[in-house]
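Read off the chains here:
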Amino acid sequence: LTQTAYKPIVGIGIGTPGLVNSSEGVVVNAVNLDWKNLSLARPLQAKYHLPVSVFNDSQAAAMGEFTFGEGNAPESSLIAINLRYGVGAGIIINGQLFHGDGGGAGEIGHVVVQEGGFPCRCGNFGCLETVASTQAVIQRVQMLINQNANSSLTKIDEEISIDQIEQAFKVGDPLSRQIVMQAGHYLGIAISNLIGTLNINRIILVGEMTCFGDSWLDAIQKSMRQTTLSRLAEDTHIEIGQLGPNGTILGASALILKDYSLLFTRNTRQASLIERGNHRGSS
Ligand SMILES: [Zn+2]
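In this report, the structure presented in the accompanying data block is examined. (Residues numbered from 1 in each chain as written. Predicted model: local features only at pLDDT ≥ 70, side-chain atom pairs only at ≥ 80, totals over all residues. Heavy atoms only, no water.)

**Considerations on the environment of Phe 212**
Stated formally: The secondary structure listing takes helices from DSSP runs of H or I that are at least 4 residues long and strands from runs of E that are at least 2 residues long, numbered from the N terminus. The criterion used for residue contact is that any of the two residues' heavy atoms lie within 4.5 Å.
Tracing the backbone through its elements, the reader meets Phe 212 in the loop between β9 (202-206) and α7 (213-226). Spatially, the C-alpha atom of Phe 212 lies 7.7 Å from that of Val 180, the residues being 32 residues apart in sequence. Among all residues touching Phe 212, those that are not within four sequence positions of it are Ile 162, Ile 165, Glu 166, Phe 169 and Val 180.

**Re the pairing of β9**
What counts here: For every residue, the accessible area (1.4 Å probe, protein chains only) is compared with the maximum for its type, and the residue is labelled buried under 20%, exposed over 50%, or partly exposed between those bounds. Two strands pair under a simple rule: DSSP has to find at least two bridges between them.
Buried residues dominate β9, accounting for five of its five residues. Both faces of β9 are covered, namely the face carrying Arg 202, Ile 204 and Val 206 and the face carrying Ile 203 and Leu 205. In the sheet, strand β6 (residues 78-83) pairs with β9 via four bridges, with the strands oriented parallel. If you follow Asn 82 over to β9, its bridge partner there is Val 206. In this sheet, strand β10 (residues 237-240) lies alongside β9 in parallel orientation, the contact comprising four bridges. Within β10, the position partnered with Ile 203 by the bridge is Ile 238.

**Brief notes about the coordination of the zinc ion**
Put simply, the rule is: With water omitted from the atoms examined, metal sites may look incomplete; donors here are N, O and S atoms no farther than 2.8 Å from the metal, or 3.2 Å in the case of Na, K and Ca. Working rule for geometry: tetrahedral if four donors all subtend angles between 85 and 135 degrees; square planar for four, octahedral for six, if opposite donors exceed 155 degrees and the others stay between 65 and 115; irregular in every other situation.
Coordination of the zinc ion by the protein involves His 110 (ND1), Cys 120 (SG), Cys 122 (SG) and Cys 127 (SG), with metal-donor separations of 2.1 to 2.3 Å. Taken together, the four donor atoms coordinating the zinc ion span angles of 101 to 126 degrees at the metal, a pattern that classifies the geometry as tetrahedral. Written as a sequence motif, the donor arrangement for the zinc ion is H-x9-C-x1-C-x4-C. With His 110 in the loop between β8 (96-97) and α3 (129-132) and Cys 120 in the loop between β8 and α3, this residue pair connects regions lying 10 residues apart in the sequence. Since its relative accessible area comes to 11%, Cys 120 is described here as buried.

**Here we look at the sheet that holds strand β3 (residues 26-30)**
Under the convention used in this document: Lines fitted to C-alpha atoms define the axes here, with helix axes fitted over just the stretch in contact, and angles between the N-to-C directions of these axes take values from 0 to 180 degrees.
Ordered by their spatial adjacency, three strands build an open sheet running β2-β3-β4, and the pairing between neighbours is antiparallel. Looking at which strands have only one partner, the edges of the open sheet turn out to be β2 (19-21) and β4 (35-39). Between one strand and the next, the sheet's axes are offset by a mean angle of 15 degrees, whatever the strand orientation. Note that β3 and β4 share four bridges and pair antiparallel. Paired with Ala 30 across the two strands is Trp 35, which belongs to β4.

Set out below in structure tokens:
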């Protein structure tokens, strides 16, 4: 939360990749950053003298879309899938962020979807992250570029970026199209697993992979329909998030404000209970 002359700071909310222990403010394991048991909250609390809350970035993004996106009733549910360098999901059930027993609810990036697939930084092979993330798309394009002389990407000398792949994809480059559609296919399977487990109808996609737009979304929907019960597929609505890259920041703000307002509510309740006790005592 930014400080202005008129707005007091409630605290600092952080959305970080990886498995997070929010009550301790510790990143237990962030595979792509090589962080293990990293205490994030404590040094920031010491530096800024403010409460610091640490959340998983995908869980924060889900909270951002739920709080600031349109079309969510207070008790509704949704799943936001964050598709960037890594992949993760945040699950909102009946208006509440679902953390799971160990804080890892929605940690779908390291679920294997392609047995015997490419190695992942977590030590497994064929994780969702190795097929559906921006790093996966870039790696595959670079790997196959020499066999695809007709691709416009062969003209790029330096390391290929996701923006260059996006541009090529939008003008119908066959190599980009093949790899992005494959990414969508595996994501559709992952979504089937989520809706088969949770039966949540609203799926929101966020992160850099959303730059591939409607064609990518079509591949995801097609694959989801092929791999789940038709009734569940009919009820499921997959859409691209409304908040863009600010979703995680807004979600971290919403989560810390929620903690703050709960504290306030608890204090008010406690004060009211004490007051009621005093009244009883005096009557
Ligand atoms: Zn993995």
